[in-house]
Amino acid sequence: MTEYGRSPGSEPWHPEDPAHGNQGWEGQQAYYQQAQYGNEQAQYENQQDPYQQQPQQGYGEQQYHAPQEYHAQQTYAGQPYGGQQPYDTGTWDTGQQTAMPYGAHAPADPYGAQGPDLYGTPEAYPPPQPPGQRRAEPEPGPPQESAHREPEEESHPFFSDGAPDGGPDDDHDDDPDGDAGSSRRGGGQGRRGGKPQKKRKSRNGLACLVVALVMAGGAGGVGYVGYQFWQGQFGPAPDFTGEGTSETVQVEIPKGAGGYEIAALLVEHGVVKSQGAFVSAQEKNPRGKSIQDGVYTLKKGMSAASAVEAMLNPENRNALTIPEGKRSAYIYAEIDKKLELKPGTTKSVARAKAKTLGLPEWATGHPDVKDPLEGFLFPASYPVAKGAKPEDVLKKMVARANAEYGKLDIENKAASLGLKGPWELLTVASLVQVEGKYKHDFDKVSRVVYNRLKPNNIETVGRLEFDSTINYIKEESTLDVGAVSDLRKIDDPYNTYDIKGLTPGPISNPGVDAINSALKPTPGPWYYFVSINEDKTVFSVTNEEHNRNVEQYEKEREKSGQ
């Protein structure tokens, strides 16, 4: 192979070759030998080219036909080379040359003695190329940089306040005359000429300072968060010290509130400093879990332990507690006292606004009822803050009664007991509550009520004959109500010595125990009972037996000094 990637053979002549002149590459001009070859031209003019009729293989699948051109293989001394490999004559290799016999001498260059080698000098033309591979002469470009350049100092755009790789800094961004561009090409004070630019260090210190401050702030923040986490996980909860300030506040604790809910309310009102401190103090106090709902008057800034002790003291609990079996008149008076109102204020409100306080439908519209709220002021403890209104307190009581009666399902169970509805069941419970002195007697007392209500009973003939009803009429609470003959003369729908059946409505506000006894009376034939003392209540079926029990009761009263 030759240096051009072809098999050994001749090379084509160049159009501007000084040895050949302009021959016309496309075969349109005849070949004329240059004058420099002298008389040797005639020697070749009459000779026939043995390869003249064979097409030449060109680049890019293009053939070159020149019947009259002199670009075929040359003969030596007027004779064709025959089977010998011709020497390089400057023509294209057709691939049809015959191999040179072994041991044969290569023919001499016919031009060897004709003149200087025009291809062997530095000024010689490059080897000729076919038309498809010719390249345009490169245009003259700018002068190349000097091979030797001073090493540049390594810089970073963050600290050098400039663009990377020696680019223009911010000061050139707004240059309308394009100074930045000229700097890149060697003009001005660029990298390729002129004075090197001065490094901008005025902002380096500020950048470093900002980074340092950010890192310091981050480290401080991490430390603070870590300290807070350690305090929250392992350190004691924040707490005040002492018994508190002279300033007091009222805090209402709802029913069923747990330690954290109570603590949250105390923190909100400034009583304790943190929930954790109060819950911890509550757990350490043996009675801490017995804190009840209600309104408490507490000091601000108290230690958690002091707050727990204060809430366990009944004197600090602003709650209105209603005992079981109390009449509505008693409750009205207690509300007036609690709210520091004129006596009778709450009673007037109750009568005027009874229909707006939340009574159920089955508790309204009954005739001859002395107080529509009787039986619905449920016995419990209610928070009463200073400045509250009477109707607000009454609404809480009625709502509590509705909730409790709903749990007991008195509305659906009344019919199974021979009663007309829950209103009569509530009335029975109110009688059991005030007639039975002790809860362990409630079930039997309830049975006595139901037995006396039977219209065919021969003992009371359907009358209840309870002293409690006389006391309700008279708004008293006494054991000596008078002789039976005198009691029957009292004209009042609540007088059970006169009327048969139940009173128009409840005569007290019964608790859960009395209601349960009214729902589930103990089976028995009793019509009478009397409580001798706390541990002894006797029940009897006949009036004669009952009279004997009453005599025993009177003796016990004399012994006790009653």
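As shown above, the structure is provided for reference.
Residues numbered from 1 in each chain as written. Predicted model: local features only at pLDDT ≥ 70, side-chain atom pairs only at ≥ 80, totals over all residues. Heavy atoms only, no water.

## Observations regarding the overall build of the protein
For clarity, the threshold we go by: Secondary structure follows DSSP: runs of H or I at least 4 residues long count as helices, runs of E at least 2 residues long count as strands, and numbering of each begins at the N terminus. For every residue, the accessible area obtained with a 1.4 Å probe (protein chains only) is divided by the maximum for its type, and the residue is called buried under 20%, exposed over 50%, and partly exposed between those limits. Here, two residues are considered to be in contact whenever any of their heavy atoms come within 4.5 Å of each other. Under the convention used here, a 1.4 Å probe and the Shrake-Rupley method define accessible areas, while residue burial counts only the protein chains that appear.
Along the protein, the regular secondary structure elements total 17 helices and eight strands. Among the 562 residues that make up the protein, the fraction classed as buried is 37%. Once local pairs closer than 6 in sequence are excluded, the contacts in the protein between residues at least 24 apart make up 62%. Counting only carbon and sulfur atoms, one obtains 51% of the accessible surface of the protein, whose full area is about 34,400 Å².

## Some points on the pairing of strand β7 (residues 528–533)
Rules: When DSSP finds two or more bridges between a pair of strands, those strands are recorded as paired.
Summarising burial for β7: five of the six residues are buried, a large majority. Following β7, the chain reverses through two residues before pairing antiparallel with strand β8 (residues 536–540).

## A closer look at the packing of aromatic side chains
The relation between two aromatic rings is expressed through the spacing of the ring centres and the mutual angle of the planes. The test is simple: Pairs were defined over the aromatic rings of Phe, Tyr and Trp, the Trp ring being its six-membered one, requiring ring centres within 6.5 Å. Orientation was assigned from the angle between planes: stacked under 30 degrees, edge-to-face over 60, tilted for the rest. Throughout this description, the term charge over a ring refers to an Arg CZ or Lys NZ atom that lies within 6 Å of the ring centre and within 35 degrees of the ring normal.
Across all of its chains, the model carries six aromatic pairs by this definition. On the numbers, 5.5 Å between centres and 45° between planes, the contact of Trp-362 with Phe-376 is tilted. Of the two residues, Trp-362 sits in the loop between α9 (345–352) and β6 (381–383) while Phe-376 sits in the loop between α9 and β6, which places them 14 residues apart along the sequence. Judged by its relative accessible area of 0%, Phe-376 is buried. Plain terms: the ring middles of Trp-526 and Phe-539 are 5.8 Å apart, the flat faces sit at 50° to each other, and that makes the pair tilted. Pair noted here: Trp-526 is in the loop between α16 (512–519) and β7 and Phe-539 is in strand β8, with a separation of 13 residues, a long-range link. Residue Phe-539 is classed as buried on the basis of its relative accessible area of 14%. An aromatic cluster of at least three residues, connected via ring pairs, comprises Trp-362, Phe-376, Phe-378 and Tyr-405. The positively charged end of Lys-326 is found above the aromatic ring belonging to Tyr-330, 4.7 Å away from the centroid.

## A look at helix α7 (residues 304–312)
Extensive coverage of α7 is indicated by the burial of seven of its nine residues. When we look at burial in α7, the residues that qualify are Ala-304, Ser-306, Ala-307, Val-308, Ala-310, Met-311 and Leu-312. On its buried face, α7 sits against β3 (248–253), α5 (259–268), α6 (275–284) and β4 (294–299).

## Notes on α6
Rules: Pairs of N or O atoms within 3.5 Å make up the polar contacts considered here, provided that, within protein, one atom can donate a hydrogen while the other can accept it, and that residues adjacent in sequence are counted only when both atoms are side-chain atoms.
Three or more residues of α6 are buried, namely Ala-277, Phe-278, Val-279, Ala-281 and Gln-282. Those residues of α6 that are buried lie in contact with α5 and α7. By the N-cap criterion, in which a side-chain oxygen at the helix start approaches the backbone nitrogen of a residue two or three places on, α6 is capped by Ser-274, the distance to Ala-277 being 3.3 Å.

## Some thoughts on the packing of α6 against α7
Cut-off, in case you're wondering: What counts as an axis is a line fitted to C-alpha atoms, over the stretch in contact for a helix, and the angles between N-to-C directions run from 0 to 180 degrees. Throughout this description, any angle smaller than 35 degrees is read as roughly parallel, any larger than 145 degrees as roughly antiparallel, any in the 65 to 115 degree range as roughly perpendicular, and the remainder as oblique. In a left-handed crossing the near helix is turned counterclockwise from the far helix by less than a right angle, and in a right-handed crossing that turn is clockwise. In this classification, the charged set is Asp, Glu, Lys and Arg, the nonpolar set is Ala, Val, Leu, Ile, Met, Phe, Trp, Tyr, Cys and Pro, and all remaining amino acids, among them Gly, are polar.
At a minimum axis distance of 8 Å, the contact between α6 and α7 shows a crossing angle of 60°. Put simply, α6 runs oblique to α7. At the point where α6 passes α7, the crossing takes the right-handed sense. Only Ala-304, Ala-305, Ala-307, Val-308 and Met-311 of α7 make contact with α6, whose side of the interface consists of Ala-277, Phe-278, Ala-281 and Gln-282. Taken together, the residues of the contact of α6 with α7 sort by class into eight nonpolar, one polar and no charged.

## Let's talk about unusual backbone geometry
For Asp-368, which is not glycine, the phi dihedral falls at a positive 60°. Within the secondary structure layout, Asp-368 lies in the loop between α9 and β6. Classification of Asp-368 as exposed rests on a relative accessible area of 54%.

## Section: a nonpolar patch on the surface
This is how it is decided: Put simply, a patch holds well-exposed residues, over 30% relative accessible area, that have no salt bridge, with like charges counted together within 9 Å and Val, Leu, Ile, Met, Phe, Trp or Tyr side chains within 5 Å. When a carboxyl oxygen of Asp or Glu lies within 4 Å of a side-chain nitrogen of Lys or Arg, that pair is called a salt bridge.
A grouping of Leu-206, Leu-209, Val-210, Leu-213 and Val-214 is seen on the molecular surface, where their side chains present a nonpolar patch of about 480 Å² in accessible area. Relative to the helices and strands, Leu-209 resides in helix α4 (residues 204–233).

## Observations regarding the nonpolar core
Keep this limit in mind: In these notes, a set of buried Ala, Val, Leu, Ile, Met, Phe, Trp, Tyr and Cys residues joined through side-chain atoms within 4.5 Å is what counts as a nonpolar core.
In terms of nonpolar packing, the biggest core is built from 53 residues, with Leu-373, Phe-376, Met-397 and Tyr-405 touching the most fellow members. Secondary structure elements with two or more residues in this core: α8 (328–338), α10 (390–408), α12 (422–435), α13 (442–452) and α16. Not counting residues up to four positions away in its chain, the partners in contact with Phe-376 are Leu-359, Pro-360, Trp-362, Ala-363, Met-397, Val-398, Ala-401, Asn-402, Tyr-405, Trp-423, Leu-426 and Asn-509.

## Topic: the pairing of β8
Burial of β8 is extensive: four of the five residues sit out of reach of the surface. Across five bridges, the pairing between β7 and β8 is antiparallel. Its bridge partner being in β8, Ser-531 is matched across the sheet by Thr-537.

## Description of the layout of surface pockets
The following threshold applies: Points on a 1 Å grid, built from protein atoms alone, make a cavity when a 1.4 Å probe fits but cannot get out and make a pocket when they are open with protein on both sides within 12 Å along at least 5 of 7 lines; residues with an atom within 4 Å of a point are the lining residues. Grid points are joined across faces, edges and corners, and a volume is the space filled by probe spheres set on the points.
In this structure, the largest pocket spans a volume of roughly 1,500 Å³. Forming the boundary of the largest pocket are 49 residues, of which Glu-435, Asp-467, Ser-468, Asn-471 and Thr-478 lie nearest the centre. Broken down by secondary-structure element, the contributors of at least two residues to the lining of the largest pocket are α8, α9, α12, α14 (467–474), α15 (484–487), β7 and α17 (543–560). Considered class by class, the residues forming the lining of the largest pocket number 18 nonpolar, 14 polar and 17 charged.

## Remarks on the environment of Glu-465
Note on placement: Glu-465 falls in the loop between α13 and α14. Those residues in contact with Glu-465 that sit more than four places away from it in its chain are Arg-452, Thr-460, Arg-488, Thr-496 and Tyr-497. Of the polar contacts made by the side chain of Glu-465, one reaches the side chain of Arg-463; its length is 3.5 Å. For Glu-465, the side chain forms a polar contact with the side chain of Arg-488, separated by 2.9 Å.

## Observations concerning the pattern of salt bridges
Overall, the coordinates contain 14 salt bridges when judged by the stated rule. Note that Lys-337 is salt-bridged to Glu-334, the shortest N-O span being 3.8 Å. With a gap of three residues between them, Lys-337 and Glu-334 both fall in helix α8, about one helical turn apart. Counted as one network, the salt bridges with shared partners bring together Glu-324, Lys-439 and Asp-513.

## Comments concerning the environment of Ser-468
Structurally, the position occupied by Ser-468 is in helix α14. For the pair formed by Ser-468 and Thr-478, sequence separation is ten residues and the distance between their alpha carbons is 8.6 Å. Those residues in contact with Ser-468, other than ones at most four positions away along the chain, are Leu-431, Val-434, Glu-435 and Ile-507.

## Focus: the packing of α12 against α13
Running from amino to carboxyl end, α12 crosses α13 at an angle of 125°, the nearest separation of the two axes being 9 Å. Relative to α13, the element α12 is oriented oblique. Handedness of the α12/α13 crossing: right-handed. Here Leu-425, Val-428, Val-432, Gln-433 and Glu-435 of α12 come into contact with α13, specifically with Phe-442, Val-445, Ser-446, Val-449 and Tyr-450. For the contact of α12 with α13, the class distribution of residues is seven nonpolar, two polar and one charged.

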